[in-house]
Amino acid sequence: MLKKHKENRTEEKRSVVRGIGPTIKRIWSYLADQRSLMILVLLMVVASSALGLMGPFLIGWGIDEYFATESADGFIWLLSGLAAVYVMHSLTLWLQSYWMIGIAQKTVYTMRRQLFNHFHKLSIDFFNKRQHGELMSRVTNDIENVSATLNSSVIQIFSSVLTLVGTLAVMIWLSPLLTLVTMIIVPLMFMGMKWITSRTGRLYKEQQRRLGEMNGYIEETISGQKIIKSFSQEPKVIEEFRIKNQQLKESGYWAQTFTGFIPKLMNMLNNLSFTIVAAVGGFFALKGYVTIGTIVIFSEYSRQFTRPLNDLSNQFNTLLSAVAGADRVFDIIDTEEEAVDEKGAKPLPNINGKVEFKDVSFSYERGGDTVSDLNFIAEPGQTIALVGPTGAGKSTIINLISRFYEPNQGMILIDGHDSTKITRESLRKQMGFVLQDSFLFQGTIRENIRYGRLDATDEEVEKAAKAANAHSFIQRLPEGYDTVLSQDDAGISQGQKQLLSIARAILADPSILILDEATSSIDTITELKIQEALQHLLKGRTSFIIAHRLNTIKNAEQIIVIESGQIIEKGNHDELLAQKGFYHDLYTSQLEKRMLMNY
Ligand SMILES: Nc1ncnc2c1ncn2[C@@H]1O[C@H](COP(=O)(O)OP(=O)(O)OP(=O)(O)O)[C@@H](O)[C@H]1O
């Protein structure tokens, strides 16, 4: 058991290291796109590292040259030179970070744009299977993480490496023996760092994952507030959040604790190194092997040597956390887009709205069909009510017509065109949707209606609102059409929201309409207004309605009764009643009649 756990840990470690390479390469490709700025940054890094080395060197050299000879002139030159070096050092540091911030911002801007654009190319299935808050966390937290790391790490890593190499070269040049003494602590440092970084990589990944999970949970509970309150589930939600928060705290605690060890460890080793250099250097100086100036340079360099090592290890952790974030971003960018249109798919010409299902079968997952052998024809302008118990497959039929999913067998013909041979966009442009949850965006009422057709004039928007019986209530609002809907359901009632989404669909003027009738109970007057608005909307277009209201069902030209994914009855209200089958039973049974009207 222990062995297995160890093996798992080793495999995890390997995967952290294995995973880094390609991701860093990929982040690098974003940086390489801004080559000229990157070259400037690298030049500044080289300059600042060289200037950083020069400071201690000048001091040591000055001690030997001018202290020993007591030359005041030389001393003034030395001080002026030192001042110039330190000013230039600060300037190069400032310039490199100034340019790097520009590069980092442009990089995360591009990543954020790619991620957001890609979101809109993904299938509905992708969103159905994921927590929305967790996805949002990728656009916000993970990208922010990459940005913060790029701002600091790239420069730090380059400058640390250069400083290390430069320091070592000058030290060897001055005294190979003293260099060897200074290096004694390096293996200790490496061992300490390796021990810490091997733990932190895993912990950071864990922390990032838990953060995403917690964000997802927060988003879910905020948008599901009504449900939580109505079922008095606050204690459960609070307890679940407490557990998630606790888990995040623990992974954060350990990740930070291990990272926090690094500076302390380095500081201790630093002091140790300083003591060794001072003691051994003093002994060498007494013997005449090295000068006092050289010891001063070495004691400064020994500090300079541990700092970049320290920085490198710190940056390694930050880098790991950014790589974990970038991985999660790339993970989405690499997710396959919603099936691209078939090769040679053509735009659908203007249609009359005939829809034909020929032996259509479909399943969401491997295994049994969700719907099977569906056959029906919807003539242009007809209203088709889809009726059946919950889970029967009504929404699935809608999903197939809208091509959010493709049939596994059979074909769907739109005005005689095989739907797989036409582009999705051209099909959806001729379709309109009025869904149960009339989603309103943040913006004015006018903008919300205009969402149906962006180039509609104000007059057309108002005309659609009038046809949808929404005009009078809009006019009564203080700002009329310019009233800003700040949140999804702020300020207006459920029924009014439905009227607005009907207005939106009327404006879009689609040939095929999908209507998922709202189940929410609405006062009688609004209900009448909605019915009237729907009459306007349904006129002259093929409409598929997941029907919940008896009135809608009775008026439909065709009622398709579905049970367990199959069409069990088809016809109009009178025909189906006469058949004395499922629909008849559903209609006549008091209990189920209520269900028919309200589910
Ligand atoms: N995205 C999905 N992934 C996997 N299975 C799904 C998915 N959507 C629906 N299903 C399953 O497919 C079956 C048909 O679901 P569908 O939503 O079409 O039923 P429905 O008749 O519209 O039900 P309701 O009236 O409750 O909305 C159900 O068993 C459902 O669990």
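Residues numbered from 1 in each chain as written. Predicted model: local features only at pLDDT ≥ 70, side-chain atom pairs only at ≥ 80, totals over all residues.

### Remarks on the overall build of the chain
Counting its secondary structure elements, the chain contains 21 helices and twelve strands. A burial count over the chain gives 34% of its 599 residues as buried. In the chain, the proportion of contacts linking residues at least 24 apart, taken out of those at least 6 apart, comes to 80%. (Helix = DSSP H or I, 4+ residues; strand = E, 2+ residues; numbered from the N terminus. Buried ≥ 20, exposed ≤ 12 C-beta atoms within 10 Å, placed from the backbone. Contact = placed C-beta atoms within 7 Å.)

### With respect to the sheet that holds strand β10 (residues 542–546)
Adjacent strands of a sheet pair through backbone hydrogen bonds, lying either parallel or antiparallel. Strand order in the open sheet made by the six strands is β6-β9-β10-β3-β11-β12, with mixed pairing throughout. Among the strands making up the open sheet, the edge pair consists of β6 (431–434) and β12 (566–571). Here the average twist between neighbouring strands, direction ignored, is 20°. Pairing analysis gives four bridges linking strand β3 (residues 383–387) to strand β11 (residues 558–563), with the strands arranged parallel. Paired with Val387 across the strands is Val561, a residue of β11. (Pairing = 2+ DSSP bridges. Axes fitted to C-alpha atoms, helices over the stretch in contact; angles between N-to-C directions.)

### As for helix α16 (residues 494–508)
The end-to-end C-alpha distance of α16, which contains 15 residues, comes to 21 Å, matching closely the 21 Å that a straight helix rising 1.5 Å per residue would cover. The buried count for α16 comes to 14 of 15 residues, which makes it a mostly enclosed element. Of the residues trailing α16, Asp509 is marked for its positive phi of about 50°. (Expected span 1.5 Å × (residues − 1).)

### A look at the pairing of β11
Of all six residues in β11, five are buried, a share of seventy percent or more. When β11 meets β12, the two strands line up antiparallel, connected through five bridges. Note that in β12 the partner of Ile562 across the bridge is Ile567.

### Describing the site of the ligand
Contacts to the ligand come from 13 residues, most closely from Tyr364, Thr390, Lys394, Ser395 and Thr396. Where the shell around the ligand is concerned, the elements lending two or more residues are α4 (124–128) and α11 (394–401). Counting residues per element, the shell around the ligand draws most heavily on α11, at three residues. Grouping the amino acids of the shell around the ligand by side-chain chemistry returns two nonpolar, eight polar and three charged. (Near = placed C-beta within 6 Å. Nonpolar A, V, L, I, M, F, W, Y, C, P; charged D, E, K, R; others polar.)

### Topic: the environment of Glu213
Structurally, Glu213 is set in helix α7 (residues 185–223). Separated by 80 residues in sequence, Glu213 and Gly133 place their C-alpha atoms 7.9 Å apart. For Glu213, the contacting residues outside a window of four places in its chain are Glu134 and Lys244.

### Section: the sheet that holds strand β2 (residues 371–378)
Reading across from one edge, β2-β1-β4-β5 is the order of the four strands in this open sheet, with antiparallel pairing throughout. The open sheet is flanked by β2 and β5 (417–418), the only strands paired with a single partner. In this fold α11 packs onto β1 (355–362), β2 and β4 (409–414), with an angle of close to 115° to the strand it touches most, β1.

### Comments concerning the nonpolar core
Membership of the largest hydrophobic core comes to 62 residues, with the highest contact counts inside it found for Ala385, Leu386, Ala468, Ile502, Ala503, Ile545 and Ile559. With eight residues, the single largest contributor to this core is α16. When sequence neighbours within four positions are dropped, the list of residues in contact with Leu386 reads Lys394, Ile397, Phe544, Ile545, Ile546, Ala547, Ile560 and Ile562. Membership of the second largest hydrophobic core comes to 49 residues, among which are Leu174, Ile295, Leu319 and Val329. (Core = buried A, V, L, I, M, F, W, Y, C linked by C-beta atoms within 7 Å.)

### Quick look at unusual backbone geometry
At Arg403, a position not held by glycine, the phi torsion is positive, near 60°. For Arg403, the location among the structural elements is in the loop between α11 and β4. Phi at Asp415 is positive, roughly 50°, even though this residue is not glycine. Examined against the element boundaries, Asp415 turns out to sit in the loop between β4 and β5.

### Digging into the environment of Ser564
As for its position among the elements, Ser564 is in the loop between β11 and β12. On the basis of neighbour counts, which here come to 15 C-beta atoms within 10 Å, the residue Ser564 falls in the partly exposed class.

### Regarding the packing of helix α3 (residues 72–119) against helix α5 (residues 132–174)
Geometry of a packed helix pair, given as the angle between the helix axes and the separation of the axes. It is at 9 Å that the axes of α3 and α5 come closest, and there the two elements cross at 155°. Our classification of the angle between α3 and α5 gives roughly antiparallel. Relative to α5, the crossing made by α3 is right-handed. Seen from α3, the contacting residues are Gln96, Ser97, Met100, Ile101, Ala104, Thr107, Val108, Met111, Arg112, Leu115 and Phe116; seen from α5, they are Arg138, Val139, Ile143, Val146, Ser147, Leu150, Asn151, Val154 and Ile155. Residues belonging to the contact of α3 with α5 are distributed by class as follows: 13 nonpolar, five polar and two charged. (Parallel < 35°, antiparallel > 145°, perpendicular 65-115°, else oblique. Left-handed = near helix turned anticlockwise from the far one by under 90°.)

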